[in-house]
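Each chain is listed here by its residues.
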Amino acid sequence: MLSYLIRRSALLVGTGAAGLILIFVLLRLLPGDPANALLSATATPAQIAAARAQVGSDQPVLTQFTNWVGGLAHGDLGTSFTSGRDVASEISSRLTVTLPLTLIAFTFALAAAIPLGYAAARWRKGTIGAAISAFLQIGIAIPVFWIAMMGALVFGVHLKWVPASGFPPEGWNSPLLAWTALILPAVTIAFVSCASLTRYTRAATLDVLQADYLAQARALGQSKTQAMLTHGIRNACVPVISVASIELATTFIGAVVVEQVFALPGLGSMLTLAITQHDFPSIQGVLVVSTALVLLIGFAADVLQRLIDPRLRNSLSGGYQ
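To start, this report covers the structure provided alongside it. It should be emphasised that the depicted structure is a prediction, and the values quoted were computed from it without experimental measurement. (Residues numbered from 1 in each chain as written. Predicted model: local features only at pLDDT ≥ 70, side-chain atom pairs only at ≥ 80, totals over all residues. Heavy atoms only, no water.)

The tally for this structure, following the rule as stated, stands at seven aromatic pairs. Ring centres of Phe 155 and Trp 161 lie 5.6 Å apart, and the angle between their planes is 40°; on these two criteria the pair is classed as tilted. Owing to a relative accessible area of 61%, Trp 161 belongs among the exposed residues under this scheme. (Phe/Tyr/Trp six-rings, centres within 6.5 Å; stacked < 30°, edge-to-face > 60°. Buried < 20%, exposed > 50% of the residue type's maximum accessible area, 1.4 Å probe, protein only.)

Quick look at the structure:
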C-alpha cells in the first residue's frame, strides 16, 4: 500500500504539472495581450509598453511561466488586473460559497442515490423499478441550468419558500440566511447528480445480487437483505466510489454553473467576470484551484477503494493473493 501511495502521489504531481502547463499555454493562445485589461481604447504606445511591463507580458513566455510557477510554489496566485486584489484571497472568499454548495448537493445526491439504486435493482421488474428508471431518464436528460431556472421560478418567485437568488451580504455571519440561500441551488444540482449516481448504484447492486457468493450466503440461511448487508455492500461500494468521485468533481463544476443562475458570489461569478474583463491572474487562479480539487478528489477515491477492497491492495504487486 505504501508503494502504491508513493506511485499514486507521483502521478498526482505529474498530472498537476501537466495541468499547469495546459492552463498557461491555452490562455496564452487566446487573442489579445493580458495588458489590454489595464488599457483603454485610446492608449498610447508608451502606455501600452508600461502596461505590458507591469503585467510581465513583455517577457519571454518561458520566463512568464517560471515566474508564475514560482509564485504558485509560495501560494501566490497573483494580483487581479482589474480589482487589484490578491487572487488567492479572493478565491478563498469565493470558496466559502462554492464548497458548501458542492458538499451539500453531493450529500443530498448520495443519500438519495444509494437507497434508490438498491431499490431499483432489488425490484427491477416491478412498479418501483420502473418508476425509478423513469426518474433516472428525466434527471439525466434535463440540463442543470434549466432545472435551476425552473426551480427559482416555482419555489423562489411563485411559492416564495426559499430565496430565488442572491446570498446574504453578511455571508456566514448570518448562518440561517446563508443556508437558506444554498438550499434551492443544492437541491437543483443534487437532482441531476442523483440520477447519475443512482444508475451506477443500481448496476453495481445488480452485479452483487447475481454473484455466486451471495447465492451461497442465501443457501446458508441468510435472507437477501442480510446477505447484502453482510457480504454485498462492501463489494458494491468499490465501483460506486469510483463513480462518486467523478460525480463529486462534476458536482463542483455544476455548482460553478448554477451559481450564475442564482447569483451566488462563488467561483462561478468570479470566473465569468474575469473572462469578461480579460483578467488573466484571476482566470488562471480559478482554473488552478478547480483542477487541484478535481485531482485530489480522484486521488482520495483511489486510496479509499483500496482501503475497502483488499483484492485491489493485493493486486498492486501483480496479481491476487
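Structure's up, so let's keep going.
This part is about helix H6 (residues 144–158). Under the 1.5 Å per step criterion, the end-to-end length of H6 is 20 Å for 15 residues, consistent within 8% with the ideal 21 Å. Among the residues of H6, Ile 147, Ala 148, Gly 151, Ala 152 and Gly 156 are the ones counted as buried. Following H6 by one or two positions, Lys 160 has its phi on the positive side, about 60°. (Helix = DSSP H or I, 4+ residues; strand = E, 2+ residues; numbered from the N terminus. Expected span 1.5 Å × (residues − 1).)

Right, let's talk about the environment of Ala 105 for a bit. Counting through the fold element by element, Ala 105 comes out in helix H4 (residues 87–122). Given a relative accessible area of 1%, Ala 105 falls into the buried group. C-alpha separation for the pair Ala 105 and Leu 220, spaced 115 residues apart in sequence, amounts to 41 Å. Leaving out residues up to four positions away in the same chain, Ala 105 has contacts with Ala 186, Ile 189, Ala 190 and Thr 251. (Contact = heavy atoms within 4.5 Å.)

With that settled, consider the pattern of salt bridges. Scanning the model with the defined rule gives two salt bridges in all. The shortest N-O distance in the salt bridge between Arg 85 and Glu 90 comes to 2.6 Å. With relative accessibility at 13%, the residue Glu 90 sits in the buried group. The closest approach of N and O atoms between Glu 90 and Arg 94, which form a salt bridge, is 2.8 Å. A residue pair is termed a helical-turn pair when its members lie 3 or 4 positions apart in one helix, as Glu 90 and Arg 94 do in helix H4 at four residues. A single burial state applies to Glu 90 and to Arg 94, both of which are buried. Overlapping salt bridges bring together Arg 85, Glu 90 and Arg 94 as one network. (Salt bridge = Lys/Arg side-chain N within 4 Å of Asp/Glu carboxyl O.)

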